[in-house]
Amino acid sequence: MTTNSPIATPRKYVRKRNWLATFSYLVLAAYLIYVLSLFDVNLERLIIGIGRGGDFIGRMMPPNFERYALLIEGMLESIQIAIIATTAGVLLSLPVGFLAARNLMPTWVTWIARALIVGCRSFHPVIVAILFVKAVGFGALAGTLALIVASIGFIAKLFAEAIEEISLKQIEAVRATGAPFFSVIAFGVLPQVMGRFIGFISYQLDSNLRNSTMVGLVGAGGIGGTLFAAFQRFDYDFVSAILIAIIAVIMFAEGINNVMRKLYR
Amino acid sequence: MSQPTLDKGTFMEKRTWSRFSKFERTARFLFYFVTVAAIVVSLQTIEIIPEFLIDAPEQIGDMLNRMWPPDVSYYPSTIHEAMLETIHIATLGTLLAIIMAIPIGVMVAENVTQNKALNWFARLLLVSSRSINSLVWALLFVAILGPGPLAGAFAIAFRSIGFIGKLFGEALEESAPGPIEALRTTGAPWFSIMTMGYWPQVVPTFWSIVLFRWDINLRESAVLGLVGAGGIGVALNTALELFYWDRVSMVLLSMLVVVAVVEVLVTQIRKRII
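Residues numbered from 1 in each chain as written. Chains lettered and ligands numbered in written order. Predicted model: local features only at pLDDT ≥ 70, side-chain atom pairs only at ≥ 80, totals over all residues.

*Asks:* Hey, could you go over the interface of chain A and chain B for me, with residue numbers and the actual values?
*Replies:* In this complex, chain A contributes 37 residues to the contact, which on the side of chain B involves 44 residues. Elements with a minimum of two residues in the side of chain A that touches chain B: α1 (19-38), α2 (43-60), α3 (68-100), α5 (125-136), α6 (140-164) and α10 (236-263) of chain A. Of the residues forming the side of chain A that touches chain B, the biggest block, 6 residues, is contributed by α5(A). Looking at the side of chain A that touches chain B residue by residue, the class counts come to 26 nonpolar, 8 polar and 3 charged. (Contact = placed C-beta atoms within 7 Å. Helix = DSSP H or I, 4+ residues; strand = E, 2+ residues; numbered from the N terminus. Nonpolar A, V, L, I, M, F, W, Y, C, P; charged D, E, K, R; others polar.)

As structure tokens, then:
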């Protein structure tokens, strides 16, 4: 009679409010309003913008493929830049990646290699391309060098991380046979990371292809230069043709990538 | 002692082990062949002027020489304001992208939106957003909205929709069906299922995707100024065009600092929310 069983008491579900989350959302909303006013956004301007956007799209249609020779030439150069930059980038990032792996190398070596990788990664490829354009002149060489730098930053980092995750037992086994350093790498380390490495290469090829269509904006070769020129001459129908061509090439490359991943799974 | 006799004919048939089937081997060979051919053809046909290549180390040395020491006085006069603008562009762009990417992400997730046509439509939107580089988006928005940071923010936003929407959709597809089913049996309306069933499951992933994109956007918004979309790129472009190399190096140095600070910040926030 006196027992007050907990089951009998009516319970009410109270949802706990996460005050930190609520506060963060409010801050984000306030920031949104602040920046929108800072950038002078108002309804009128947006409506004008939408009108102009419609006008703009109207002028882009239909795409004009008349100057296809120019288009193909630029596109081929972009593809060449991407292929060469990926090849050279991969070859260079192999040693850098090894040197940056903390389980194989002394600490001071990994620090130097890691600094190099961070240096390669910290700038957008287009900014690197500007510097190379000033250094080696206009043309595909500057674009290629810029993308090589970007490739080293990406592949060497992932490669080093992949090496750090390998099993050391196999290395020990190879070492126990008295194998010299390079044999340890060739038979102990490489077979363990090769599969992932190919994945990185295919990703980087994809990313280089996207960027190689852009470095032309700063004069570093490829279709980007053609695109920028078309923009400045208000040839918007040619612009849309170039954009369609870029998207088509990127999607085609993605298809090839998928086939490649299936082959090397 | 009669042992079961093994039928040697079926067991010991001569078999050789091979890792790949004949088709796989041929495909792999073809692939290597095409790769090597592509590299060789590219190397032979690309227009690289050999004199430029030989000259490159000297030219780079000259450039670095002109860059040192960086012009520190350029920071308070120009860089500081431009850098703030860049950060605003990246953040506003990311926020706008979130607003647009959430509905598209919901639309693309096949377990949430059970309508093939809508899935495909959303996927098309995401692919087109990702296939166009942020610089091209910036060119488009500069033409539409006029030069300035707003065009940059819109460019960043439209480029990020594809990224955030795709990963958000994948997170939704991976969420556990149990809680959703439980909610559905109580007769909860669609909106409650979304906010009480799906959202709590994906919220850490969602914010980590957004943080990751914000980090990328900060780097990307730094170049938008080259096409007139505001930010630090404008300061960089001005310095480059006037050949003030010491100012260029100051801009690059400040970018490096901001990128490093943001990297630390993002790692810290990520540790808290996951």
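*Asks:* Requested: an account of the packing of helix α8 (residues 181-212) of chain A against α10(A), with residues and values cited.
*Replies:* Residues and elements named next belong to chain A. Contact pair α8 / α10: the axes reach a minimum separation of 10 Å and the direction vectors enclose 175°. When the interaxial angle is binned, α8 and α10 end up roughly antiparallel. Touching Gly199, Ser202, Asp206, Leu209 and Arg210 of α8 are Ile250, Ala253, Glu254, Asn257, Met260 and Arg261, all from α10. (Axes fitted to C-alpha atoms, helices over the stretch in contact; angles between N-to-C directions. Parallel < 35°, antiparallel > 145°, perpendicular 65-115°, else oblique.)

*Asks:* Any chance you could break down the environment of A:Leu46 for me, citing the residues and the numbers?
*Replies:* Tracing the backbone shows A:Leu46 in helix α2. Sequence spacing of A:Leu46 and A:Val96 is 50 residues, and the spatial spacing of their C-alpha atoms is 49 Å.

*Asks:* Can you explain unusual backbone geometry? Please cite residues and give values.
*Replies:* Cis geometry marks the peptide bond from A:Met61 to A:Pro62, where omega comes out at -10°. Considering the arrangement of structural elements, one finds A:Pro62 in the loop between α2 and α3. With omega at -5°, the peptide bond leading from B:Trp68 into B:Pro69 counts as cis. Structurally, B:Pro69 can be placed in the loop between α3 (50-67) and α4 (74-108). A positive phi angle, near 60°, is found at B:Phe243, a position not held by glycine. Position of B:Phe243 among the secondary structure elements: in the loop between α10 (232-241) and α11 (245-273). With 10 C-beta atoms counted inside 10 Å, the residue B:Phe243 sits in the exposed group. (Buried ≥ 20, exposed ≤ 12 C-beta atoms within 10 Å, placed from the backbone.)

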